[in-house]
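Summary of structural features
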Amino acid sequence: MSKTILITGASRGIGHSTAVLAGALGWSVSVNYATNASAAGQTVAAVKSAGGNAIAIQADVTDETAVIALFDATREAFGPIDGFVNNAGIVAPGSALADMDFARLKRIFDTNVLGAYLCAREAARHMSRSRGGNGGSIVNLSSAAARLGAPNEYVDYAGSKGAIDTLTIGLSKELGPEGVRVNAVRPGLIDTEIHASGGKPDRAAVLGKQTPLGRPGTADEVAESIIWLLSDASSYVTGAIIDVTGGR
Ligand code: NAP
């Protein structure tokens, strides 16, 4: 059955891979991005050539008006939203907490926590049966950092992902009766451009060797678990937090 899926931060990395796998299932994908319109356009083209339908929609997840418009535009383009991937997230260069300035802390928590909560709220409004939705599946992107703490690197980021785990637990209980399943995927060291934005482009390649599986993961490997959680194959799974970490 065809589904309408909205993915935040789908211009590259895990969001891009998830969009393309959704396209291969024939689903319609709303490809959100913040700044990189040309990369989002490439995701749209890749979804279409995989067999799906797609549009790109710019919206910064920290902007409430833009987030509301993003969900409305998705529904207008493809009909009721069946799946939402709460994926947009950022890191900042590695540092001890004592050296982090306020602007950095605010940016991390604004994007990864407030932005994710705002998007989850809109998903709840659109998908809940008592509000006119059809039910569906929400997948939140957490991180192994939520349980490792990321000392001397990103305790801010780690804490922001701890909030995502807690959101997943609470919202799954809130929305179960509404026909909406809520789960999280916790990636480990995945080879995407997020590490370059933290100042260490080879971080996943170097640290990935120390995982039990001896290598970093790929965005496609994370996307497979997200697609499973979006699909009807996981129909009795809610409130789950799935590690995709190579055993880390
Ligand atoms: P990535 O390659 O850096 O891509 C991030 C995406 O998020 C981009 O499409 C970017 O869009 C978008 N984005 C950033 N800020 C945004 C905002 N304010 N509003 C809307 N979109 C925004 O990241 P990734 O590695 O694929 O990570 C995806 C998710 O998985 C994140 O939540 C991350 O924390 C989590 N994760 C990743 C890893 C890993 O090792 N890669 C590990 C654990 C968890 P633009 O380019 O257009 O700005």
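Residues numbered from 1 in each chain as written. Predicted model: local features only at pLDDT ≥ 70, side-chain atom pairs only at ≥ 80, totals over all residues. Heavy atoms only, no water.

In the annotation of an unreviewed UniProt entry, the entry for the chain reads Glucose-1-dehydrogenase, and the organism field reads Caballeronia humi. On record in UniProt, under Sequence similarities (unreviewed entry), the comment for the chain is "Belongs to the short-chain dehydrogenases/reductases (SDR) family." (UniProt positions renumbered as here; feature names shortened; annotations may be inferred.)

1. A word on the site of the ligand
The full set close to the ligand counts 32 residues, and S11, R12, N87, Y157 and T192 are the nearest of them. T35 has a polar side-chain atom sitting 2.9 Å from an oxygen atom of the ligand. Y157 places a side-chain nitrogen or oxygen 2.6 Å from an oxygen atom of the ligand. Here the ligand has 910 Å² of accessible area as a free molecule, and 95% of this is covered by the chains. (Near = heavy atom within 4 Å. Polar contact = N/O pair within 3.5 Å; in protein donor to acceptor, adjacent residues only side chain to side chain. Areas by Shrake-Rupley, 256 points an atom, 1.4 Å probe, with all protein chains shown as cover.)

2. Focus on the pattern of salt bridges
Scanning all chains against the criterion turns up 12 salt bridges. R121 is the partner of E64 in a salt bridge, and the nearest nitrogen-oxygen pair spans 2.8 Å. One end of the pair, E64, is in helix α3 (residues 64–78); the other, R121, is in helix α4 (residues 102–127), with 57 residues separating them in the sequence. Here R121 makes a salt bridge to E122, at a shortest N to O gap of 3.0 Å. R121 gets classed as partly exposed once you look at its relative accessible area, which sits at 28%. Among the charged side chains, a network of salt bridges with common partners joins E64, R121, E122 and R125. (Salt bridge = Lys/Arg side-chain N within 4 Å of Asp/Glu carboxyl O. Helix = DSSP H or I, 4+ residues; strand = E, 2+ residues; numbered from the N terminus. Buried < 20%, exposed > 50% of the residue type's maximum accessible area, 1.4 Å probe, protein only.)

3. What about the layout of surface pockets?
Reported here for the largest pocket is a volume of approximately 1100 Å³. Around the largest pocket, the lining is made up of 46 residues, and of these A88, G89, I90, V91 and I194 lie nearest the centre. Only α1 (13–24), β2 (28–33), α4, α5 (145–148), α6 (155–175), α7 (194–197) and α8 (203–208) provide two or more residues apiece to the lining of the largest pocket. Here the lining of the largest pocket is composed, by residue class, of 21 nonpolar, 17 polar and 8 charged. (1 Å grid on protein atoms, 1.4 Å probe; cavity = no way out; pocket = protein on both sides within 12 Å on 5 of 7 lines; lining within 4 Å. Points joined across faces, edges and corners; volume = space filled by probe spheres on them. Nonpolar A, V, L, I, M, F, W, Y, C, P; charged D, E, K, R; others polar.)

4. A short note on the sheet that holds strand β7 (residues 241–244)
Pairing is parallel in the open sheet, where 7 strands are placed in the order β3-β2-β1-β4-β5-β6-β7. At either end of the open sheet lies a strand with only one pairing partner, and these are β3 (53–58) and β7. Mean inter-strand twist for the sheet, computed between neighbouring axes without regard to direction, equals 20°. Direction of pairing for β2 relative to β3: parallel, over a ladder of 6 bridges. In the sheet register, V29 faces β3, and the bridge partner there is A54. Set on the sheet, helix α2 (residues 37–50) makes contact with β2 and β3; between it and β3 the angle comes to about 165°. (Pairing = 2+ DSSP bridges. Axes fitted to C-alpha atoms, helices over the stretch in contact; angles between N-to-C directions. Contact = heavy atoms within 4.5 Å.)

5. With respect to the packing of aromatic side chains
According to the stated counting rule, one finds 2 aromatic pairs in the structure shown. With 5.1 Å between their ring centres and 55° between their planes, F71 and F84 make a pair best called tilted. With a gap of 13 residues between them, F71 in helix α3 and F84 in strand β4 (residues 83–86) connect regions that are remote in the sequence. Comparing F71 with F84 shows no difference in burial state: the two are buried. With a centroid separation of 5.8 Å and 70° between ring planes, the pair formed by Y154 and Y157 is classed as edge-to-face. Like Y154, the residue Y157 is buried in the burial classification. Sitting over the face of the ring of W27, K3 holds its NZ or CZ atom 6.0 Å from the ring centroid. (Phe/Tyr/Trp six-rings, centres within 6.5 Å; stacked < 30°, edge-to-face > 60°. Lys NZ or Arg CZ within 6 Å of the ring centre and 35° of its normal.)

6. Examining α4
An ideal rise of 1.5 Å per residue puts 38 Å on 26 residues; α4 measures up with 36 Å between its terminal C-alpha atoms. Along α4, the helix axis deviates most sharply at D110, where the bend reaches about 35°. (Expected span 1.5 Å × (residues − 1). Bend = angle between axes of the 7 residues up to and from the residue.)

7. Overview of the packing of α1 against α2
Running from N to C, α1 and α2 point in directions that differ by 25°, and their axes come no closer than 7 Å. For the element pair α1 / α2, the angle class is roughly parallel. In this structure, α1 crosses over α2, and the sense of that crossing is right-handed. Contacts from H16, A19, V20, G23 and A24 in α1 reach T43, A46, V47 and A50 in α2. (Parallel < 35°, antiparallel > 145°, perpendicular 65-115°, else oblique. Left-handed = near helix turned anticlockwise from the far one by under 90°.)

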